[in-house]
Amino acid sequence: MTNTITFVFSNPKYVALSFAIFVPMLFGLLILSEYVFLEPYVVSHLPTGTEFGFALIVIISALSALVLPMNVFRINVLKSSTRKMGGSVIGSFVGAAAGACSCGPIGFAVISTFGSVGATATAFLTNYEIPLRLIAIGVLVITYFTTVKSLKTECKFDP
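As the structure is a prediction and not an experimental result, all values here were calculated from the model. (Residues numbered from 1 in each chain as written. Predicted model: local features only at pLDDT ≥ 70, side-chain atom pairs only at ≥ 80, totals over all residues. Heavy atoms only, no water.)

1. Concerning the side chain of Asn 71
Here is step 1: When you line up the elements, Asn 71 lands in helix α3 (residues 51-77).
Here is step 2: Looking at Asn 71, its side chain comes within polar contact range of the side chain of Thr 147, at 3.2 Å. (Helix = DSSP H or I, 4+ residues; strand = E, 2+ residues; numbered from the N terminus. Polar contact = N/O pair within 3.5 Å; in protein donor to acceptor, adjacent residues only side chain to side chain.)

Listed below in structure tokens is the structure:
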């Protein structure tokens, strides 16, 4: 599996794509989850007891930055058979979206404008923030292994 990663990321284009995914996603999620503040200047704060949530955000960002460029590589190699590759790409986006779904106070403020339905959604997101991120990590890990297997079989890549 390490050879597959080395093979894909030997091209600087995919390394750049990986950083282009990781950095904005990480900082976006950290800002939305209130680990980074932009007013009056950039400050980070990691309250006691939230280390696990912070680590999950970093893991989701890293896995997304690993899986999405690998799927782009796979798409570029297998341009003729796009039907076979749809599941992995969709899995990548579902995993990334599930990690971002607990979007902190900004999301809660938007959701709470919808009255009792918003209050129920806010309670759900607050209570299940960690499990949703763990599910996102699970989806991204499954997508990673599916992509590696696909690259080895469909692309005739055998490390």
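2. Examining the environment of Ser 44
Here is step 1: Considering the arrangement of structural elements, one finds Ser 44 in strand β2 (residues 43-44).
Here is step 2: Between the C-alpha atoms of Ser 44 and Glu 34, which are 10 residues apart in sequence, the distance is 8.3 Å.
Here is step 3: Residue contacts for Ser 44: discarding those within four places in its chain leaves Tyr 35 and Val 36. (Contact = heavy atoms within 4.5 Å.)

3. Overview of the environment of Val 141
Here is step 1: Its location among the elements puts Val 141 in helix α7 (residues 129-153).
Here is step 2: Placed 78 residues apart in sequence, Val 141 and Leu 63 show a C-alpha to C-alpha distance of 7.4 Å.

4. Focus: the nonpolar core
Here is step 1: In terms of nonpolar packing, the biggest core is built from 13 residues, with Leu 30, Ile 57, Ile 60 and Ile 137 touching the most fellow members.
Here is step 2: Elements supplying a minimum of two residues to this core: α2 (12-32), α3 and α7.
Here is step 3: Judged by nonpolar contacts, the second largest core, of 10 residues, contains Tyr 14, Tyr 144, Val 148 and Leu 151. (Core = buried A, V, L, I, M, F, W, Y, C linked by side-chain atoms within 4.5 Å. Buried < 20%, exposed > 50% of the residue type's maximum accessible area, 1.4 Å probe, protein only.)

5. Some details on α2
Here is step 1: The end-to-end C-alpha separation of α2 is 30 Å, in line with the 30 Å expected for 21 residues at 1.5 Å each.
Here is step 2: Every buried residue belonging to α2 is among Tyr 14, Ser 18, Ile 21, Met 25, Leu 26, Leu 29 and Leu 30, and all of these are buried. End-on, the buried residues of α2 take up no more than an arc of 130°, which puts them together on one face. More than 90 degrees from the buried face of α2, the exposed residues found are Pro 12 and Phe 19.
Here is step 3: Near the N-terminus of α2, the side chain that reaches the backbone nitrogen of Lys 13, with its oxygen 3.0 Å away, is that of Asn 11. (Expected span 1.5 Å × (residues − 1). Arc of directions from axis to C-beta.)

6. Observations concerning the packing of α3 against α7
Here is step 1: Look at α3 against α7: their axes get within 9 Å of each other, and the N-to-C directions meet at 25°. Looking at the two axes, α3 sits roughly parallel to α7. Along this stretch, α3 crosses α7, giving a crossing that reads as left-handed.
Here is step 2: Taken together, the residues that form the contact of α3 with α7 break down as 19 nonpolar, six polar and two charged. (Axes fitted to C-alpha atoms, helices over the stretch in contact; angles between N-to-C directions. Parallel < 35°, antiparallel > 145°, perpendicular 65-115°, else oblique. Left-handed = near helix turned anticlockwise from the far one by under 90°. Nonpolar A, V, L, I, M, F, W, Y, C, P; charged D, E, K, R; others polar.)

7. Focus on the packing of aromatic side chains
Here is step 1: Within this structure, the stated rule accounts for four aromatic pairs.
Here is step 2: Plain terms: the ring middles of Phe 7 and Phe 73 are 5.6 Å apart, the flat faces sit at 90° to each other, and that makes the pair edge-to-face. With a gap of 66 residues between them, Phe 7 in helix α1 (residues 2-8) and Phe 73 in helix α3 connect regions that are remote in the sequence.
Here is step 3: You can call Phe 73 buried: its relative accessible area is 12%.
Here is step 4: Here the aromatic rings of Tyr 14 and Phe 73 are separated by 5.5 Å at their centres, their planes lie at 80°, and the arrangement is edge-to-face. Taken together, the positions of Tyr 14 in helix α2 and Phe 73 in helix α3 put the pair 59 residues apart, joining distant regions of the chain. Of the two residues, Tyr 14 and Phe 73, neither departs from the other in class, the shared state being buried. (Phe/Tyr/Trp six-rings, centres within 6.5 Å; stacked < 30°, edge-to-face > 60°.)

Remember that the coordinates give geometry; whether it matters functionally is a separate question.
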